[in-house]
Amino acid sequence: MSDVIHTRGLRKRYGRTRALDGLDLSVEAGRIHGFLGPNGAGKTTTIRILLGLARKTSGEATVFGRDPWRDAVALHRRLAYVPGDVSVWPNLSGGEAIDLLARLRGARTGDAAYRAERERLMAAFQFDPRTKGRAYSKGNRQKVALIAALAVPAELYVLDEPTSGLDPLMEVVFRGEVERLRVAGATVLLSSHILSEVELLCDRVSIIRAGRIVESGTLAELRHLTRTEVSFEAADATALDGLADAHDASFGDGRARFTVDSDAVASVLPVLASRDVRGLRIEPPSLEELFLRHYGDELEGARR
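Residues numbered from 1 in each chain as written. Predicted model: local features only at pLDDT ≥ 70, side-chain atom pairs only at ≥ 80, totals over all residues. Heavy atoms only, no water.

The next subject is the packing of helix H3 (residues 94-104) against helix H4 (residues 112-124). At a closest axis distance of 12 Å, the pairing of H3 and H4 adopts a crossing angle of 130°. Judged on the interaxial angle alone, H4 and H3 are oblique. H3 and H4 meet at a crossing whose hand is right-handed. Along its contact with H3, which presents Gly 95, Ile 98, Asp 99 and Ala 102, the element H4 presents Tyr 114, Arg 115, Arg 118 and Met 122. Class assignment of the residues belonging to the contact of H3 with H4 gives a composition of four nonpolar, one polar and three charged. (Axes fitted to C-alpha atoms, helices over the stretch in contact; angles between N-to-C directions. Helix = DSSP H or I, 4+ residues; strand = E, 2+ residues; numbered from the N terminus. Parallel < 35°, antiparallel > 145°, perpendicular 65-115°, else oblique. Left-handed = near helix turned anticlockwise from the far one by under 90°. Contact = heavy atoms within 4.5 Å. Nonpolar A, V, L, I, M, F, W, Y, C, P; charged D, E, K, R; others polar.)

So, in structure tokens, the structure goes:
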């Protein structure tokens with residue numbers, strides 16, 4: 001597959017502050033690509049460069065093979081963008097704001113196809129288009145941007161914390177809409193701090209730290225970097241004896257537990273089978289564990 005988004009050695013400085021420090025990112029066509037990192041890691045700076053809203057200091061950055069700074073107008077005809085903090089016109093109704101944003105992307109808002117999709121999305125997101133923008137909550141402002149972006153087909157969707165301010169029910173609706181984009185063959189760059197959301201939706205994940213990509217790949221490829229938890233029913237802690245690859249072994253509530261390097265699970269299973277263990281549970285590492293591998297030290301420092 002060809003890359004819709006490609007950066008190599010991308011750097012961005014603001015005075016003495018180094019926002020990006022040699023970022024390498026590739027997003028393949030037709031993929032939903034998760035872009036993870038805490039505030040200040042460089043996610044939004046990267047997105048601003050890809051949208052042509054900020055100019056790189058050095059390195060390479062292309063969208064559809066074109067320079068986003070020089071070719072921003074042409075590229076914006078092919079993409080949709082949803083920021084994490086949406087402002088709307090206070091004197092326009094939500095419906096008027098959606099139509100205005102759609103027209104800016106070249107939509108004919110009188111067309112039946114657009115009107116039908118707009119109505120479907122407003123019903124799905126339980127959105128009242130008659131209210132003035134000044135009266136909208138953060139969640140409803142977010143819905144304006146989401147509906148405007150999704151109502152007009154695009155080849156690339158750049159979503160920067162798109163569910164910010166939405167309640168859990170609307171997050172489920174959002175996930176359904178992203179699945180529709182997947183089926184349609186669109187490409188999505190999804191920046192989010194909600195790890196469960198990324199884990200459910202994304203084909204590939206890139207984790208950014210201090211302006212650089214520190215891990216990138218499918219979840220299956222990345223899970224070897226963390227440990228799998230194994231547990232089974234046992235009478236006492238002696239059931240854990242002789243498990244050479246076991247880490248963090250413990251016993252409690254009638255279950256023996258341990259972790260094992262994910263690429264060593266296959267070597268542990270025959271040992272457990274020979275002991276005829278009951279109630280075996282194997283839980284693969286989550287994206288949260290992978291994320292904490294890179295940011296756990298910062299969280300620990302914040303607690304002190």
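Additional details are given in the paragraphs that follow.
Right, let's get into the sheet that holds strand E1 (residues 3-14). Reading across from one edge, E2-E1-E4 is the order of the three strands in this open sheet, with antiparallel pairing throughout. For this open sheet the edge positions go to strand E2 (17-28) and strand E4 (58-63), each flanked by a neighbour on one side alone. Within the sheet, the average angular offset between the axes of one strand and its neighbour, ignoring direction, is 20°. (Pairing = 2+ DSSP bridges.)

Moving on: the side chain of Ser 191. Within the secondary structure, Ser 191 sits in strand E7 (residues 187-191). A polar side-chain atom of Ser 191 sits 3.3 Å from a polar atom in the side chain of Asp 160. Discounting residues that sit within four places of it in the chain, Ser 191 has contacts with Phe 35, Lys 43, Ile 47, Leu 159, Asp 160, Glu 161 and Pro 162. (Polar contact = N/O pair within 3.5 Å; in protein donor to acceptor, adjacent residues only side chain to side chain.)

A cluster of nonpolar side chains, Leu 269, Leu 280 and Ile 282, forms an exposed patch at the surface whose accessible area comes to about 220 Å². Mapped onto the elements, Leu 269 comes out in helix H9 (residues 265-274). For Leu 269, a relative accessible area of 33% translates into the label partly exposed. (Patch = residues over 30% accessible without salt bridge, like charges linked within 9 Å, V, L, I, M, F, W, Y side chains within 5 Å. Areas by Shrake-Rupley, 256 points an atom, 1.4 Å probe, with all protein chains shown as cover. Salt bridge = Lys/Arg side-chain N within 4 Å of Asp/Glu carboxyl O. Buried < 20%, exposed > 50% of the residue type's maximum accessible area, 1.4 Å probe, protein only.)

Attention shifts here to the environment of Ile 282. Among the secondary structure elements, Ile 282 is positioned in strand E13 (residues 278-283). Residues Ile 282 and Thr 259, spaced 23 residues apart in sequence, show a C-alpha to C-alpha distance of 9.5 Å. Ignoring any residue separated from it by four or fewer positions in sequence, one finds Ile 282 in contact with Thr 228, Glu 229, Val 230 and Leu 269.

Before going further, it helps to examine the nonpolar core. Core analysis: the largest hydrophobic core is formed by 48 residues, its most contacted members being Leu 36, Ile 98, Phe 125, Tyr 157, Phe 174, Val 205 and Leu 287. Sort the elements by how many residues they give to this core and helix H5 (residues 138-151) lands first, with eight residues. If near-sequence neighbours (up to four positions away) are discounted, Ile 98 is found in contact with Tyr 114, Arg 118, Met 122, Phe 127, Val 144, Ile 147 and Ala 148. Listed in part, the 23 residues of the second largest apolar core include Ala 54, Phe 64, Val 158 and Ile 208. (Core = buried A, V, L, I, M, F, W, Y, C linked by side-chain atoms within 4.5 Å.)

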